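Structural description and commentary
If you want the building blocks of each chain, they are given just below.
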Amino acid sequence: MSAVAKFPNFLSKARQTTVAAQETFWIALDTLRAHKLRTFLTLLGVILAVATLVAVMSILNGLNVYVADKVANLGANAYVIDRIGIVTNFEEWNKARKRPPLDMADFEAVRDGMKLAEQVAGEQDTIADVRQGNQLSEDVSIIGASPAFAEIRDIDVMNGRLLVDVDEEHGASVCVVGYDVAEKFFPGVDAVGKEIRAGQSQYQIVGVAKPKGTVFGQSQDNFVMIPLRTYRKEWLAKFDSVSMFVQARSPEGMPAAEDESRVILRSRRHVPYGAEDNFAIIEPTSITGLWNRITGNAFGIAIWVTSVFLVVGGIVIMNIMLASVTERTREIGLRKSLGARRRHIVLQFLTESSLLAASGGIAGVVLALGISQLVRSVTPIPISTPVFAICIALLLSTAVGLFFGIYPAMRAARLDPIEALRAEN
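Residues numbered from 1 in each chain as written. Predicted model: local features only at pLDDT ≥ 70, side-chain atom pairs only at ≥ 80, totals over all residues. Heavy atoms only, no water.

Scanning the protein for helices and strands turns up 14 helices and 12 strands. Expressed as a percentage of the 425 residues in the protein, the buried residues total 42%. A separation of at least 24 residues holds for 77% of the contacts in the protein among residues at least 6 apart in sequence. Accessible area for the protein stands at about 22,600 Å²; split by element, carbon and sulfur atoms hold 59% of it. (Helix = DSSP H or I, 4+ residues; strand = E, 2+ residues; numbered from the N terminus. Buried < 20%, exposed > 50% of the residue type's maximum accessible area, 1.4 Å probe, protein only. Contact = heavy atoms within 4.5 Å. Areas by Shrake-Rupley, 256 points an atom, 1.4 Å probe, with all protein chains shown as cover.)

Mapped onto the secondary structure, Met-104 falls in helix H4 (residues 104–113). The spacing of Met-104 and Leu-228 is 124 residues in sequence and 9.6 Å in space, taken between C-alpha atoms. Once residues within four sequence positions are removed from consideration, Met-104 is found in contact with Leu-228, Arg-232 and Val-242.

What follows deals with the side chain of Asp-106. Here Asp-106 is to be found in helix H4. A polar atom in the side chain of Asp-106 sits 3.1 Å from the side chain of Arg-269. If we ignore the near neighbours within four places in the chain, the residues touching Asp-106 are Pro-101, Met-244, Leu-265, Arg-268 and Arg-269. (Polar contact = N/O pair within 3.5 Å; in protein donor to acceptor, adjacent residues only side chain to side chain.)

With that settled, consider the packing of H4 against helix H9 (residues 254–268). Contact geometry of H4 with H9 gives a least axis separation of 10 Å together with a crossing angle of 140 degrees. Judged on the interaxial angle alone, H9 and H4 are oblique. Relative to H9, the crossing made by H4 is right-handed. Contact residues: Ala-105, Asp-106, Ala-109, Val-110 and Gly-113 in H4; Glu-260, Ser-261, Ile-264, Leu-265 and Arg-268 in H9. Classifying every residue of the contact of H4 with H9 by side-chain character gives 5 nonpolar, 2 polar and 3 charged. (Axes fitted to C-alpha atoms, helices over the stretch in contact; angles between N-to-C directions. Parallel < 35°, antiparallel > 145°, perpendicular 65-115°, else oblique. Left-handed = near helix turned anticlockwise from the far one by under 90°. Nonpolar A, V, L, I, M, F, W, Y, C, P; charged D, E, K, R; others polar.)

Before going further, it helps to spend a moment on the nonpolar core. Counting 27 residues, the largest nonpolar core has Ile-345 and Phe-349 as the members making the most contacts within it. Of all the secondary structure elements, the ones that give two or more residues to this core are helix H2 (36–71), helix H10 (284–327), helix H12 (342–378) and helix H13 (387–413). Broken down by element, this core gets its largest block of residues, 9 residues, from H2. Apart from the residues lying within four places of it in its own chain, the contact partners of Ile-345 are Ile-332, Arg-335, Lys-336, Ala-340, Ala-412 and Ala-413. Counting 21 residues, the second largest nonpolar core, distinct from the first, contains Ala-148, Val-174, Val-206 and Ile-282. (Core = buried A, V, L, I, M, F, W, Y, C linked by side-chain atoms within 4.5 Å.)

Moving on, we get to the pairing of strand E3 (residues 135–145). Each regular strand shows side chains that alternate between the opposite faces of the sheet. Taken together, the 9 bridges between strand E2 (residues 117–132) and E3 define a ladder with antiparallel strand orientation. If you follow Gln-124 over to E3, its bridge partner there is Gly-144. Pairing between E3 and strand E10 (residues 223–227): 5 bridges, direction parallel. Looking at the pairing, Ile-143 lines up with Met-225 of E10. (Pairing = 2+ DSSP bridges.)

A few words now on the side chain of Ser-243. Inspection of the secondary structure assignment puts Ser-243 in strand E11 (residues 243–248). You can call Ser-243 buried: its relative accessible area is 12%. There is a polar contact of 2.9 Å between the side chain of Ser-243 and the side chain of Asp-82. In contact with Ser-243, other than residues within four places in its own chain, are Val-80, Ile-81, Asp-82, Ala-121, Gly-122 and Glu-123.

What follows is the structure, encoded as C-alpha cells:
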C-alpha cells in the first residue's frame, strides 16, 4: 500500500485516539464531580505539599534577589577589608576578635599603595542619639567616611553636596544626613545649612542623601555621615577598627586587586609566611555564598516536608482509586463486554488519578499564591513566585497521580468481564 493510501488510515486512527482521550477525560471529570467531598479530602495531602513547595520557593527566590541587590551589593566591583569579616560560629568569632584593629596607617597604606584599585575608602561607624533643638532621634547610625565612600556605596544627594577632600583634611564638623533624619528634624524645609547635635558635637548639614529605602524592614536612610578624620577625633573608642571599601577597576580585576591589598597589609602587619591573614576580605560572593548555604538548608527541609505530604497524598489517591474500582466493577465489566480493551480501562483510571492529583496541584498553587500575597502585604519579607516553581509543582503532583494510579488501573484492567457483570454494587 502506498504512502498516500496509508495517510487516510493514519488520520482515522488519530481521530479515534483523540475522541477516546476526550471521552476518557470527561468521564474522569464527571467521576470527580460526583464525589466532591471525597475528592477534596483525597487531595488534601497534595494541596499541602504543593502549597508548601511553591510558598517556600517563592520566599527563597524573593530573598535571594533581595540579598543580592540590597545586602550583598557592596558597590560596583567593590570588596571590603575588615577586622572580623564573616563568621558563622563562636570559634571563628573568638579567633577573629583577637586580631589587631585596622588603623588609619593601614588604610593609608592600602589607599596610596594600590595600583589596581580605582579608589579606596575608609569607614567607621557607631550608633547614637541625634538632637536638633528639643527634638530627639534615637539609634541613628553615625558614619565616619572618607570622600570616596559615598561613590563606592552609591550614595548621592538630593540637596546640597557630599563630603569632599577638604572636609577630610581639616576634620570639619560637617555632615551629610539621610532622608529620614532630614524629615524628622526639618520636615518640608531644606535642611542644608542647618545644624544638628550628635554626641557632644555640633555638625552643620551640607547635604541630604537620596532615600534608599529599607532592608528587611531596617531603614537605610537613618544616618549621619561625617568625615572619617572627624569621627576618629570625636567618636573613636578602644579597639575600633577601620573598614576599607576597595573598588577594583573591573570585575575581572577583582582577584588581582584583592591579592594586591592582601600583600600590602600582610607586609605592614608583619604576618609570617604561611600564617593566616590577621584581617578579613569580604566580597559579594562571600555574602551570597553564606546566604545560599542558609537557604539551601531551608529548601532541604521544605523538600523533605513536601515529599512526606506527596507520599501520603499519593497513598490516599491509590486507596480511593482502589475503592473506585470496587464500586464500579459492573461498569468496568459492561465497558469490556462492549469492546473496551485493557488499555482503554488503564487509560481511564490513570486519567482519573492524574486529573485528581493535578487538581490538587492547582489548588495548592492558588493557596501558595494567596499565602505569598498575604505575607507580602503584612511583612517586609520580599516574595517573588518564579514560573518554574509553579511548573515543577504541577508536574510533581501530576506525576504522583500517575504513579500511584498504576496499580488500581492495572487491577481494573485485569477484571474478567463476566465476573465483573455478576458483581453487585
